[in-house]
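Chain and residue survey
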Amino acid sequence: MTVHFIGAGPGAADLITVRGRELIERSPVCLYAGALVPPEMLDNCPPGARRIDTAKMTLDEILDELVAAHRDGRDVARLHSGDPSVMSAMAEQMRRLDELGVPYDVVPGVPAFAAAAASLNRELTVPGVGQTVILTRTAARATPMPEGEDLATLGRSGSTMVLHLSTQRVDELVEELTPNYGADCPVAVVARASRADEVVLRGTLGDIAEQVHAAGIKRTAVFVVGEVLTATQFPDSALYSPQRQRD
């Protein structure tokens, strides 16, 4: 058997890879976070599949299910929202599986920040404006950030910054970012990106906190901070330039 860690995408049921969907279709056990994975995604499970919502489970309880499936010779579709390479808590599960000798593989998915950028109709790397994207979070109700990864330090580069898991700290977030980016720096907040109930807010560091509070956004949101959000005056990419030498 194999545990398949599958990126289930940002929310829309059709934003999953063909490989991920096919693995769900043939896995008799499916573990998923009920608060993050759309119910329609489970329609891909085979008849009679064991479906386990991990939203209220501990790591040990999740591993017990994976080990039990391994013992019974049953493949497992372990669904993670977005892409499992970013803030998915997949690493701690894989570490335990390595210790137990349980095989696994990973299927990438559409990350939430990519879905947010799509909803905003923006490219996050714009020539002459911003070519670096920082993916990070804040430390509220989560494990502490490593030394040197606080927002004040990361913001010194002025790079486009994408923040996950930070909605409940919006006031502190604004306070920490403003010295480096300025109160007039463009900001967008996309809650529940790609879902039917998606909410998009656009503003600046000076007014975004008020907008978030007024909209009642408390979770499942992505913050994007940077000049790329409103840039219109920038050079064309060299990729398609007529001056570029082509073989």
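Residues numbered from 1 in each chain as written. Predicted model: local features only at pLDDT ≥ 70, side-chain atom pairs only at ≥ 80, totals over all residues. Heavy atoms only, no water.

Going by what an unreviewed UniProt entry lists, the protein is known as Precorrin-4 C(11)-methyltransferase and is assigned to Saccharopolyspora montiporae. Under the Pathway (unreviewed entry) heading, UniProt states for the protein: "Cofactor biosynthesis; adenosylcobalamin biosynthesis." (UniProt positions renumbered as here; feature names shortened; annotations may be inferred.)

**Quick look at the sheet that holds strand 5 (residues 104-107)**
With respect to topology, five strands assemble into an open sheet ordered 3-2-4-1-5, the strand pairing being parallel. If you trace the sheet from one side to the other, it starts and ends with strand 3 (50-53) and strand 5, each paired once. Neighbour-to-neighbour, the strand axes of this sheet turn through a mean angle of 20°, independent of strand direction. Taken together, the five bridges between strand 1 (residues 3-7) and strand 4 (residues 76-80) define a ladder with parallel strand orientation. Bridge pairing in strand 4 places Phe-5 opposite Arg-78. Its contacts with the sheet put helix 2 (residues 59-72) on strand 1, strand 2 (29-32), strand 3 and strand 4, and the angle it makes with strand 2 is roughly 165°. (Pairing = 2+ DSSP bridges. Helix = DSSP H or I, 4+ residues; strand = E, 2+ residues; numbered from the N terminus. Axes fitted to C-alpha atoms, helices over the stretch in contact; angles between N-to-C directions. Contact = heavy atoms within 4.5 Å.)

**Details of the packing of helix 2 against helix 3 (residues 90-100)**
Direction vectors running N to C along helix 2 and helix 3 enclose 50°, while the axes themselves pass 11 Å from each other. Here helix 2 lies oblique to helix 3, going by the angle between them. Relative to helix 3, helix 2 is oriented so that their crossing is right-handed. Within the contact between the two elements, helix 2 uses Leu-59, Asp-60, Ile-62, Leu-63, Leu-66 and Val-67 and helix 3 uses Glu-92, Gln-93, Arg-96, Leu-97 and Leu-100. Counted by class, the contact of helix 2 with helix 3 contains seven nonpolar, one polar and three charged residues. (Parallel < 35°, antiparallel > 145°, perpendicular 65-115°, else oblique. Left-handed = near helix turned anticlockwise from the far one by under 90°. Nonpolar A, V, L, I, M, F, W, Y, C, P; charged D, E, K, R; others polar.)

**Focus on the pairing of strand 4**
Of all five residues in strand 4, five are buried; the element is thus mostly enclosed. Burial of the side chains of strand 4 extends over both faces: Val-76, Arg-78 and His-80 are buried on one face and Ala-77 and Leu-79 on the other. By the bridge criterion, three bridges tie strand 2 to strand 4 in an arrangement that is parallel. Following the sheet pairing, Leu-31 is matched in strand 4 by Arg-78. (Buried < 20%, exposed > 50% of the residue type's maximum accessible area, 1.4 Å probe, protein only.)

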